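# Residue-level structure breakdown
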Amino acid sequence: YCYYKQFGYHKAEELKKKGLDNKLEGLEYKMLNSLKSGNRQEFMDVVIRLHMILQKNVSPIFLESMKDESDIDFYSIGHSFIAGLISNKFEKKGEI
């Protein structure tokens, strides 16, 4: 699930480059709450909102994970993506 963490990291970086990183924390909390409650639709709404802000297409992996019969682990993907979004908040300058 390292791919999804990297994917989240890059989305956070794109928001920062556009000067929209102030929106990130609210989106992160909404995603985390929707995962906690098992609400796939709410999680997907936030993912779509994030991609709309960035003017990017939604990754097919998110679409596939929304299917109830999907073998893809929705919770692991979601948590990995959120971990990527927040990972650069705690880095010290010059460190990775």
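Treat the numbers as computed from the prediction; the structure is a model and nothing was measured.

### Describing the pattern of salt bridges
All chains considered together, the criterion is met by two salt bridges. As a salt-bridge pair, Glu14 and Lys11 come within 3.7 Å of each other at their nearest N and O atoms. Of this pair, Glu14 and Lys11 both sit in helix H1 (residues 2–17), separated by three residues, roughly a single helical turn. Here Glu14 falls in the partly exposed class, since its relative accessible area comes to 22%. The exposure class assigned to Lys11 is buried, which follows from its relative accessible area of 6%. Between Lys56 and Glu14 there is a salt bridge, with its nearest N and O atoms 3.8 Å apart. Of the two residues, Lys56 is situated in the loop between helix H3 (40–54) and helix H4 (60–65) and Glu14 in helix H1; the sequence distance between them amounts to 42 residues. A relative accessible area of 41% means that Lys56 is categorised as partly exposed.

### Notes on helix H5 (residues 74–87)
For H5, with 14 residues, the first-to-last C-alpha span of 20 Å sits near the 20 Å given by 1.5 Å per residue. Every buried residue of H5 is listed here: Phe74, Ile77, Gly78, Ser80, Phe81, Ile82, Gly84 and Leu85. Buried positions along H5 lie against H1, helix H2 (24–37), H3 and H4. The backbone nitrogen of Tyr75 lies 3.2 Å from a side-chain oxygen of the residue at the head of H5, namely Asp73.

Rules used throughout
Residues numbered from 1 in each chain as written. Predicted model: local features only at pLDDT ≥ 70, side-chain atom pairs only at ≥ 80, totals over all residues. Heavy atoms only, no water. Salt bridge = Lys/Arg side-chain N within 4 Å of Asp/Glu carboxyl O. Helix = DSSP H or I, 4+ residues; strand = E, 2+ residues; numbered from the N terminus. Buried < 20%, exposed > 50% of the residue type's maximum accessible area, 1.4 Å probe, protein only. Expected span 1.5 Å × (residues − 1). Contact = heavy atoms within 4.5 Å. Polar contact = N/O pair within 3.5 Å; in protein donor to acceptor, adjacent residues only side chain to side chain.

What is shown is where atoms sit, not what they do.
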